[in-house]
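Here is how the chains run, residue by residue.
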Number of protein chains: 2
Amino acid sequence: MLTETDKRFLRIAYEEALAGFNEGGCPIGSVLARGDTLVSQGRNQRVQGGDPIAHGEMDALRKAGRQKTYRDTTLYTSLSPCMMCSGTIIQFGIPRVVIAENQTFGGNERFLEGRGVKVIIADDPDCIALMTRFIEEKPELWAEDIAED
Amino acid sequence: MLTETDKRFLRIAYEEALAGFNEGGCPIGSVLARGDTLVSQGRNQRVQGGDPIAHGEMDALRKAGRQKTYRDTTLYTSLSPCMMCSGTIIQFGIPRVVIAENQTFGGNERFLEGRGVKVIIADDPDCIALMTRFIEEKPELWAEDIAED
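Residues numbered from 1 in each chain as written. Chains lettered and ligands numbered in written order. Predicted model: local features only at pLDDT ≥ 70, side-chain atom pairs only at ≥ 80, totals over all residues. Heavy atoms only, no water.

By the naming in an unreviewed UniProt entry, chain A goes by Nucleoside deaminase and is assigned to Algicella marina. Under the UniProt heading Pathway (unreviewed entry), the note attached to chain A is "Pyrimidine metabolism." UniProt, in its Subunit (unreviewed entry) section for chain A, records the words "Homodimer." (UniProt positions renumbered as here; feature names shortened; annotations may be inferred.)

Caption draft 1: Spatial organisation of the side chain of Asp145 of chain B. All names here are of chain B. Along the chain, the position of Asp145 falls in helix 7 (residues 139-145). For Asp145, a relative accessible area of 2% translates into the label buried. If near-sequence neighbours (up to four positions away) are discounted, Asp145 is found in contact with Cys26, Ile28, Asn44, Arg46 and His55. (Helix = DSSP H or I, 4+ residues; strand = E, 2+ residues; numbered from the N terminus. Buried < 20%, exposed > 50% of the residue type's maximum accessible area, 1.4 Å probe, protein only. Contact = heavy atoms within 4.5 Å.)

Caption draft 2: Structural detail: the confidence of the model for chain A. On average, residues of chain A score 98 in pLDDT, and 100% of them are at 70 or above. In the predicted assembly, ipTM is 0.98 and pTM is 0.98. (pLDDT = per-residue confidence, 0-100.)

Caption draft 3: Here's a closer look at the packing of aromatic side chains. Residue and element names in this part refer to chain A. All chains considered together, the criterion is met by 9 aromatic pairs over all chains. With a centroid separation of 4.8 Å and 40° between ring planes, the pair formed by Tyr70 and Phe92 is classed as tilted. Of this pair, Tyr70 sits in the loop between helix 3 (56-64) and strand 3 (74-77) while Phe92 sits in helix 4 (residues 83-92), and the two are 22 residues apart along the sequence. Like Phe92, Tyr70 is buried. (Phe/Tyr/Trp six-rings, centres within 6.5 Å; stacked < 30°, edge-to-face > 60°.)

Caption draft 4: Molecular detail of the interface of chain A and chain B. With 31 residues of chain A at the interface, the matching set in chain B holds 31 residues. For the pair chain A and chain B, the summed buried surface comes to about 2900 Å²; carbon and sulfur atoms form 56% of the total. At the boundary of chain A and chain B, one finds 6 salt bridges. Where Arg66 of chain A meets Glu144 of chain B, a salt bridge forms, and the shortest distance between an N and an O atom there is 2.7 Å. Contributing elements (two or more residues each) for the side of chain A that touches chain B: helix 2 (46-49), helix 3, helix 4 and helix 7 (139-145) of chain A. The greatest single-element share of the side of chain A that touches chain B, amounting to 7 residues, is contributed by helix 4 of chain A. (Buried area = accessible area lost by both parts, 1.4 Å probe. Salt bridge = Lys/Arg side-chain N within 4 Å of Asp/Glu carboxyl O.)

Caption draft 5: Main features of the UniProt feature "domain: CMP/dCMP-type deaminase" (unreviewed entry) in chain A. The residues that UniProt annotates with the feature "domain: CMP/dCMP-type deaminase" (unreviewed entry) are residues 4-119 of chain A. Span residues 4-119 of chain A is 41% helix and 20% strand, its end C-alpha atoms 17 Å apart.

Caption draft 6: Seen up close, unusual backbone geometry. All names here are of chain A. Non-glycine residue Asp123 carries a positive phi angle of around 50°. Residue placement: Asp123 occurs in the loop between strand 5 (118-121) and helix 6 (125-137). With relative accessibility at 42%, the residue Asp123 sits in the partly exposed group. At Ala147, a residue that is not glycine, the phi angle is positive and equals roughly 55°. Looking at the element boundaries, Ala147 is found in the segment after helix 7.

Caption draft 7: Region of the structure containing the relation of the copies chain A and chain B. In the superposition of chain A on chain B (RMSD 0.0 Å, axial shift 0.0 Å), the rotation amounts to 180°. The superposition operator between the copies reduces to a two-fold rotation axis. No C-alpha of chain A approaches the rotation axis more nearly than that of Gly87 of chain A, which lies at 2.3 Å. A high fraction, 100%, of the interface residues of chain A reappear at the interface in chain B, so the copies pair face to face through one surface. (Least-squares fit on C-alpha atoms with pLDDT ≥ 70 in both.)

Caption draft 8: Representation of the sheet that holds strand 1 (residues 29-34) of chain B in the model. Residues and elements named next belong to chain B. Within the open sheet, the 5 strands sit side by side as 2-1-3-4-5. Their pairing is mixed. Of all strands in the sheet, those bounded by a partner on one side alone are strand 2 (37-43) and strand 5 (118-121). For this sheet, the mean angle separating the axes of adjacent strands, direction not counted, is 15°. Note that strand 1 and strand 3 (residues 74-77) share 4 bridges and pair antiparallel. If you follow Val31 over to strand 3, its bridge partner there is Tyr76. Most of the contacts of helix 3 (residues 56-64) go to strand 2, to which it runs at about 130°, and overall it touches strand 1, strand 2 and strand 3. (Pairing = 2+ DSSP bridges. Axes fitted to C-alpha atoms, helices over the stretch in contact; angles between N-to-C directions.)

In structure tokens form, the structure reads like this:
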């Protein structure tokens, strides 16, 4: 179940994704929050920063800086986390992940749940539409971002 | 079996780790190579850059920049990869990982092998000694780096 806080942070993740799209990048955004408090927000930096590890989730975690613990946080992401980001969620001990959509990309939800992460899928139509447009317009960039070669 | 090339790149990973130790950081270094060619080298940047996602492996992958493929690469690391770095190895499709040691930290080797990665452990005494000293001297920093709270 999405709370009002969840909806608010998912919207910021979408806005980050949209900003990335408008920059010519991969349109995936993320927010790290501690309860009602936004800790950090970020977006995929492959194009903008030439940085292959800066998926949206990773960029948000980087911008959060050093944290004593993640056990009281929720990670919001506009798109279902890849294996890099899923591994990071497990390693960092993030207990709850709210995913805007997993229709255009997904597959690691069960891996996360199997390691004790609470996973919520929002089926957000704006995020689905944005990723669908991106994948249609820039299939090579998308393939590069998920290392499908 | 370690090749001469493996030994050379493992030594660079160790030198990166040692440089990190001397900077007051977490002493873990990594090299990305394509055959005999070094693509990039890096080291943990938690302390130096305030960056929690920049484990040694991640720093090397970031410094490598955008790559068309990783399927012809080997990742060298002075310490067995955590779940973040292991997930990244899978996502990026890196087929071979040479680990200097997994005595002071480890546990994801089987996860990697189960997903088709060739894993080689070198049992490097210099890397073991460096991590052992670090964990003894800075247990709190080490706990933070692997999110053990």
